[in-house]
Amino acid sequence: MPTTVRAYAATSPTDPLAPTTIELRDVGPRDVRIDIRYVGICHSDIHTARSEWGATRYPVVLGHEIAGVVAEVGAEVSRFRVGDRVGVGCLVDSCRECRYCRRGDEQFCTEGYVETYSSTGRDGRPTQGGYAEGIVVTEDFVLRIPDGLALDVAAPLLCAGVTVYSPLRHWGAGPGTRVAVVGLGGLGHVAVQVAAALGAEVTVLSQSLRKQEDGLRLGAGHYAATSAPDTFARLAGSFDLVLNTVSASVDVDAYLSLLDVDGTLVNLGIPEHPQSLDVASLLMRRLSYAASNIGGIRETQEMLDFCAAHGIAAEVETIGVDRVDEAFDRVVASDVRYRFVIDTTTLA
């Protein structure tokens, strides 16, 4: 029989989120039903709730940073058992047959991957996310959360963690490389930890020195305020890789000036308006301007294992579901250190 669970849903771009119930699909032969314990609040949730990325189909249950415990498995499931600690990130399905899916890059699926919420599943039903007591996901898109990671601090890693881990790996952050992280927020505070654990020399670039103590504690060797008049001149040509974790528009040419020859500026946030640059900023030192999204399932599992092995976790403020709207406003105001996590037992 289908399982009905309590949830919290966005019902319009302006109304507060509201309690509701959703019906989970039947557990198929290769499905895993998860009792959700914690779910992180990602800025993507807010954009979707407020129809800032195009028209949202309401009602929608948000949340793609899901951590919980296996409650039921299908007859053909081989990797998980009831009681296992597991997670679900931004993806819950893909074609699994194209060259990208076969190599573990489901985020580039040529047919388009199925997102955890506000998407359409291969069964034709709208997907609903983790602001709920439970979820059913096919085995191939379930992640194992290592014992070394508590569920609450692991939840944000399912999006924020892989979003920074993937470009750091792809562009070769490690011993001998100089990495700058722009912004010490939900993404940036994880990026600093991962880059430091990979062996890179890490610098935080933030508007002010307000979070300097945190940045150094998390593993940065240096911290600079971008609002200081001499910062860009002083740090010109200092980095091999710059990760821009903020969504606000920035002076792209100014940040490109921070790169050494063959360096790369990688954008992780999505600015509200298009950005421009002077091609001369690139060609004088053979620079690259790039962007990166999430990662595939294989890489997300690799990231979780890496974080557990190196003691890396999101720093979270855990809240009850009744404070979600307040948390949304605080995320927009950058008033959280560093990620909100909803305790889903408060749905009861």
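What you are looking at is a predicted structure, and each value in this text was computed from that prediction instead of being measured.

Q: Outline the nonpolar core, listing residues and values.
A: Residues Ile 41, Leu 62, Tyr 131, Leu 168 and Phe 328 are the most contacted members of the largest nonpolar core, which totals 95 residues. Non-local contacts of Leu 168, meaning those with residues more than four positions away in its chain, are made with Ala 173, Val 179, Ala 191, Val 194, Ala 195, Leu 198, Leu 241 and Leu 243. By size, the runner-up hydrophobic cluster in this structure holds 15 residues, among which are Phe 239, Val 242, Leu 265 and Leu 287.

Q: Describe in detail the pairing of strand β14 (residues 259–267), supporting the description with residues and values.
A: Two elements, strand β13 (residues 239–244) and β14, share five bridges in a ladder whose sense is parallel. If you follow Leu 243 over to β14, its bridge partner there is Val 266.

Q: Go over the packing of helix α4 (residues 160–170) against helix α5 (residues 188–197) with me, naming the residues and quoting the values.
A: Running from N to C, α4 and α5 point in directions that differ by 40°, and their axes come no closer than 9 Å. Put simply, α4 runs oblique to α5. For the pair α4 and α5, the crossing hand works out as right-handed. Residues Gly 161, Val 164, Tyr 165 and Leu 168 of α4 pack against Val 190, Ala 191, Val 194 and Ala 195 of α5. A per-class count over the contact of α4 with α5 returns seven nonpolar, one polar and no charged.

Q: Break down the packing of α4 against helix α10 (residues 297–310) for me, with residues and values.
A: For any two helices packed against each other, the geometry is given by the interaxial angle and the distance between the axes. It is the contact of α4 with α10, at a shortest axis distance of 10 Å, that shows an interaxial angle of 95°. In this view, α4 runs roughly perpendicular relative to α10, as classed from their interaxial angle. Of the residues in α10, those in contact with Gly 161, Val 162, Tyr 165, Ser 166 and Arg 169 of α4 are Glu 299, Thr 300, Glu 302, Met 303 and Phe 306.

Q: Please set out the environment of Pro 146 residue by residue, giving values where relevant.
A: Mapped onto the elements, Pro 146 comes out in the loop between β9 (143–144) and α3 (151–154). Taking the relative accessible area as the measure of exposure, Pro 146 reaches 15% and is therefore buried. Residues Pro 146 and Asp 93, spaced 53 residues apart in sequence, show a C-alpha to C-alpha distance of 22 Å. In this view, Pro 146 contacts Arg 85, Leu 304, Asp 305 and Ala 308; residues no more than four positions away in its chain are not counted.

Q: How would you explain the environment of His 64 if you had to name every residue and give the values?
A: Tracing the sequence through the fold places His 64 in the loop between α1 (43–49) and β4 (66–73). Taking the C-alpha atoms as reference points, His 64 and Cys 90, separated by 26 residues in sequence, lie 5.1 Å from one another. Setting aside its immediate chain neighbours within four residues, His 64 contacts Cys 42, Ser 44, Asp 45, Val 88, Gly 89, Cys 90, Thr 116, Tyr 117, Leu 158 and Cys 159.

Q: Account for the pattern of salt bridges, with residues named and values stated.
A: Scanning all chains against the criterion turns up 27 salt bridges. Arg 217 is the partner of Asp 214 in a salt bridge, and the nearest nitrogen-oxygen pair spans 3.2 Å. Here Arg 217 and Asp 214 lie together in helix α6 (residues 212–218), a separation of three residues that amounts to about one turn. The class of Asp 214 is buried, set by a relative accessible area of 12%. Of the charged contacts in the structure, one is a salt bridge between Arg 323 and Glu 326, with a shortest N-O distance of 3.2 Å. One connected set of salt bridges, linked through shared partners, spans Arg 30, Asp 93, Arg 96, Arg 122, Glu 139 and Asp 140.

Q: Now, about the sheet that holds β13: what can you tell me, with residues and values included?
A: Spatial ordering of the open sheet is given by β12-β11-β10-β13-β14-β15, a layout of six strands whose pairing is parallel. Looking along the sheet, the strands with just one partner apiece sit at the ends: β12 (222–225) and β15 (288–291). When strand polarity is set aside, the average angle formed by the axes of neighbouring strands in this sheet is 20°. Sheet topology note: the strand β11 (residues 201–206)/β12 ladder contains four bridges and is parallel. The partner of Ser 206 across the bridge, within β12, is Ala 225. Lying over the sheet, α4 contacts β10 (178–182), β13 and β14, oriented at roughly 160° with respect to β13.

Q: How would you sum up the environment of Leu 282? Please name residues and give values.
A: Looking at the secondary structure, you find Leu 282 in helix α9 (residues 280–283). Spatially, the C-alpha atom of Leu 282 lies 52 Å from that of Thr 21, the residues being 261 residues apart in sequence. If sequence neighbours within four positions are ignored, Leu 282 has contacts with Leu 256, Leu 277, Leu 287, Ser 288 and Tyr 289.

Q: So what about unusual backbone geometry? Which residues, and what values?
A: Following Tyr 58, the chain continues into Pro 59 via a peptide bond in cis, with omega recorded as -10°. The residue Pro 59 is located in the loop between α1 and β4 in this model. Omega for the bond connecting Arg 337 with Tyr 338 falls within 30 degrees of zero, at 0°, which places this linkage in the cis form. Counting through the fold element by element, Tyr 338 comes out in the loop between α11 (324–332) and β17 (339–343). One non-glycine residue, Arg 96, lies in positive phi territory at about 70°. Within the secondary structure, Arg 96 is located in the loop between β6 (91–93) and α2 (99–102). Phi at Asp 262 takes a positive value of approximately 70°, unusual for a residue other than glycine. Checked against the element boundaries, Asp 262 lands in strand β14.

Criteria and thresholds
Residues numbered from 1 in each chain as written. Predicted model: local features only at pLDDT ≥ 70, side-chain atom pairs only at ≥ 80, totals over all residues. Heavy atoms only, no water. Core = buried A, V, L, I, M, F, W, Y, C linked by side-chain atoms within 4.5 Å. Buried < 20%, exposed > 50% of the residue type's maximum accessible area, 1.4 Å probe, protein only. Contact = heavy atoms within 4.5 Å. Pairing = 2+ DSSP bridges. Helix = DSSP H or I, 4+ residues; strand = E, 2+ residues; numbered from the N terminus. Axes fitted to C-alpha atoms, helices over the stretch in contact; angles between N-to-C directions. Parallel < 35°, antiparallel > 145°, perpendicular 65-115°, else oblique. Left-handed = near helix turned anticlockwise from the far one by under 90°. Nonpolar A, V, L, I, M, F, W, Y, C, P; charged D, E, K, R; others polar. Salt bridge = Lys/Arg side-chain N within 4 Å of Asp/Glu carboxyl O.

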